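# A closer look at the structure
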Amino acid sequence: MSITAGIPFSVLDRSRTRQGRDGPRVLRDTVRFAGRIEELGYHRFWVSEHHSVPGVAGSAPTVLAAAVAAATGTIRVGTGGVMLPNHQPLVVAEQFGVLESLFPGRIDMGLGRSVGFTDGIRKALGRDKQDADDFPRQLAELLGYFTGEQGAHPQVHAHPAEGLRVPAFVLATGKGAQVAAEAGLPLVIAAVRGEDAMVRAIEGYRERFRPSAWGERPYVVVSGTVAVGATTEEARRLLLPEAWSTAYSRTHGAFPPLVPVDTVLDTPMTARERTLFEEARDGQLYGTADEVSAALDKLLARTGADEFLVTTSTYDGDALLDSYRRLAELRGLR
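Calculation rules
- Residue positions are counted from 1 within each chain, in the order its sequence is given.
- In keeping with the model being predicted, local features are shown solely for residues with a pLDDT of at least 70 and side-chain atom pairs are shown and tallied solely at 80 or more, while totals for entire chains, interfaces and linings include all residues.
- As a convention, hydrogens and water are excluded, and side-chain values are obtained from all of the structure's heavy atoms.
- Numbering goes from the N terminus for both helices and strands, where a helix is a DSSP run of H or I of at least four residues and a strand is a run of E of at least two.
- Here a polar contact is recorded for every N or O atom pair within 3.5 Å, except that within protein the pair must consist of a potential hydrogen donor and a potential acceptor, and residues adjacent in sequence are included only if both atoms are side-chain atoms.
- Contacts are residue-level and defined by heavy atoms, with any inter-residue pair within 4.5 Å sufficient.
- Fitting a line to C-alpha atoms yields each axis, with helices limited to the stretch in contact; the angle taken between N-to-C directions then spans 0 to 180 degrees.
- An angle below 35 degrees is read as roughly parallel, one above 145 as roughly antiparallel, one from 65 to 115 as roughly perpendicular, and any other as oblique.
- Definitions for this section: a left-handed crossing has its near helix turned counterclockwise from the far helix by less than a right angle. A right-handed crossing has that turn clockwise.
- Residues are grouped as follows: Ala, Val, Leu, Ile, Met, Phe, Trp, Tyr, Cys and Pro are nonpolar; Asp, Glu, Lys and Arg are charged; every other residue, Gly included, is polar.
- We count a salt bridge whenever a side-chain nitrogen from Lys or Arg sits within 4 Å of a carboxyl oxygen from Asp or Glu.
- To sort residues, take the accessible area from a 1.4 Å probe on protein chains only and compare it with the maximum for the residue type: under 20% means buried, over 50% means exposed, and anything in between is partly exposed.
- A pair of aromatic rings is counted whenever rings of Phe, Tyr or Trp (Trp by its six-membered ring) have centres within 6.5 Å, and the orientation is called stacked for planes under 30 degrees apart, edge-to-face for over 60 and tilted otherwise.
- Lysine and arginine charges are scored as sitting over a ring when NZ or CZ, respectively, is within 6 Å of the ring centre and within 35 degrees of the ring normal.
- To estimate how far a helix should extend, the number of its residues minus one is multiplied by 1.5 Å.

Summarising the element assignment, Arg16 is placed in the loop between strand S1 (9–13) and helix H1 (23–39). At 3.1 Å, the side chain of Arg16 and the side chain of Glu242 are in polar contact. Only 3.4 Å separates the side chain of Arg16 from the backbone oxygen of Pro256, close enough to count as a polar contact. Once residues within four sequence positions are removed from consideration, Arg16 is found in contact with Val26, Gly55, Val56, Glu242, Ser245, Phe255, Pro256, Pro257, Leu258 and Ser313.

In structure tokens form, the structure reads like this:
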């Protein structure tokens with residue numbers, strides 16, 4: 001058995017739209033998918049927040065998390081994450097207070113510092129790029145509503161959140177790692193800027209971590225794309241729709257719905273699209289069970305991760321579930 005076999009594995013589903021399937025159907029698929037992931041023994045099921053993105057139906061993560069929690073019974077449910085600069089901390093505290101009250105002991109509060117990715121979206125949200133820099137203050141205010149110690153708005157209380165303890169996580173690529181360390185919160189991080197940069201951020205997080213009421217020691221959740229197939233080629237093909245969607249977004253300015261693998265392979269690409277298509281697959285783990293197990297052991301040993309959050313998306317829902325089943329089997333989840 002591998003030395004990392006006991007590490008919890010969790011799932012982030014972004015409710016990706018697919019060609020021929022609209023947003024409402026995709027959201028219902030996410031709720032059903034959560035039930036299957038629970039059956040496979042995964043630790044958490046998280047949903048995300050995106051605004052005005054044609055390829056993503058998940059725009060209201062706390063609402064979707066409520067539906068997921070209601071449709072499941074044991075798996076932890078949360079957000080990966082709520083983009084705190086888009087919201088008032090009081091409202092976020094109230095929403096998670098309601099979730100924790102309805103589903104006690106099962107709710108996670110994953111928080112990010114991103115704002116809408118275009119000027120139009122930011123304007124519609126009443127935000128601008130600079131609001132991301134206010135994330136540490138917003139985070140402190142939000143946590144203060146749960147402890148009853150927030151001082152930004154005297155005599156204001158978040159009911160029913162006050163007195164509850166919802167585990168909080170900070171999603172980060174760079175700067176957020178230091179915020180997580182100073183707040184004494186778990187860190188969720190991906191190799192967006194490469195594995196070496198991710199490892200340096202994790203090391204900095206551990207060095208700067210300050211124990212808090214929310215965490216006595218550093219806790220690192222590494223996230224990434226993983227595909228397991230009967231063959232290496234089968235697993236590789238599983239990742240092509242998301243890679244093409246990413247390349248398309250970077251050349252056309254819009255993140256499109258996922259399309260079938262054969263459509264991707266039949267689509268002519270410019271030199272720039274081909275380059276971006278290949279770059280989108282950098283750092284992804286795919287292959288047979290043995291190949292993926294070896295790659296995961298190497299990554300988890302290098303990062304010292306306490307948990308792994310799988311973020312795989314593809315067009316074929318059945319093939320995706322099969323990949324998650326194979327991954328659960330090789331990690332000994334159930």
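Okay, back to it.
Right, let's get into the packing of helix H9 (residues 240–252) against helix H11 (residues 271–279). Orientation of H9 relative to H11, taken along the N-to-C sense of each, is 130 degrees, at an axis distance of 8 Å. The pairing of H9 with H11 is recorded here as oblique in orientation. The interaxial crossing formed by H9 with H11 has right-handed handedness. Seen from H9, the contacting residues are Leu240, Ala243, Trp244, Ala247, Arg250, Thr251 and His252; seen from H11, they are Arg272, Glu273, Leu276 and Phe277. Grouping the amino acids of the contact of H9 with H11 by side-chain chemistry returns 6 nonpolar, 2 polar and 3 charged.

A few words now on the pattern of salt bridges. Counted under the stated rule, the structure contains 23 salt bridges. The closest approach of N and O atoms between Arg76 and Asp108, which form a salt bridge, is 2.8 Å. Placement of the pair is Arg76 in strand S3 (residues 76–79) and Asp108 in strand S5 (residues 107–112), with a sequence separation of 32 residues. In this structure Asp108 comes out as buried when scored by relative accessible area, which is 0%. Across the pair Arg137 and Asp134 runs a salt bridge, and its minimum N-O distance is 2.8 Å. Overall, Arg137 belongs to the partly exposed group, its relative accessible area being 41%. Residues joined by salt bridges that share partners form a network here, namely Arg44, Arg76, Asp108 and Glu307.

A separate point is the packing of aromatic side chains. The description of two aromatic rings rests on the distance between their centres and on the angle between their planes. Taken as a whole, this structure holds 8 aromatic pairs when the rule is applied. Relative to Tyr324, the ring of Tyr42 has its centre 5.7 Å away and its plane inclined at 85 degrees; by these criteria the two rings are edge-to-face. Highlighted residues: Tyr42 in the loop between H1 and strand S2 (44–47) and Tyr324 in helix H13 (residues 317–330), separated in sequence by 282 residues. The same class applies to Tyr42 as to Tyr324, namely buried. When the centroid spacing of 5.1 Å and the interplanar angle of 70 degrees are considered together, the rings of Trp46 and Phe169 count as edge-to-face. With Trp46 in strand S2 and Phe169 in strand S6 (residues 168–172), this pair connects stretches of sequence that are 123 residues apart. As far as the burial class goes, Trp46 and Phe169 line up, both buried. Taken together, the aromatic side chains of Phe33, Tyr42, Phe45 and Tyr324 make up a single cluster linked through ring pairs. The residue whose ring lies beneath Arg21 is Tyr315, and the NZ or CZ to ring-centre distance is 5.6 Å.

Here we come to the packing of H1 against helix H2 (residues 61–71). For the pair H1 and H2, interaxial distance at closest approach is 9 Å and the crossing angle is 40 degrees. Viewed along their axes, H1 and H2 adopt a mutual orientation that is oblique. By crossing handedness, the relation of H1 to H2 is classed as right-handed. Residues Leu27, Thr30, Val31 and Ala34 of H1 touch H2, and the partners they reach there are Leu64, Ala67, Val68 and Ala71.

Relative to the assigned elements, Gln130 resides in the loop between helix H4 (119–125) and helix H5 (135–147). Judged by relative accessible area, which is 53%, Gln130 ranks as exposed. The spacing of Gln130 and Ala93 is 37 residues in sequence and 22 Å in space, taken between C-alpha atoms.

Look at helix H12 (residues 289–303): 21 Å from first C-alpha to last across 15 residues, which is about the 21 Å you get at 1.5 Å a residue. Considered for burial, the residues of H12 that qualify are Val292, Ser293, Leu296, Asp297, Leu299, Leu300 and Thr303. Directly beyond the C-terminal end of H12, a positive phi value near 65 degrees is found at Gly304.

What you tend to see is this: most non-glycine residues have negative phi, and most peptide bonds are trans. In this model, Gly80 is joined to Gly81 through a cis peptide bond whose omega is -5 degrees. Summarising the element assignment, Gly81 is placed in the loop between S3 and strand S4 (82–83). In this model, His159 is joined to Pro160 through a cis peptide bond whose omega is 5 degrees. For Pro160, the position within the fold is in the loop between H5 and S6. Here Ser15, not a glycine, exhibits a phi torsion of approximately 55 degrees, which is positive. Relative to the assigned elements, Ser15 resides in the loop between S1 and H1.

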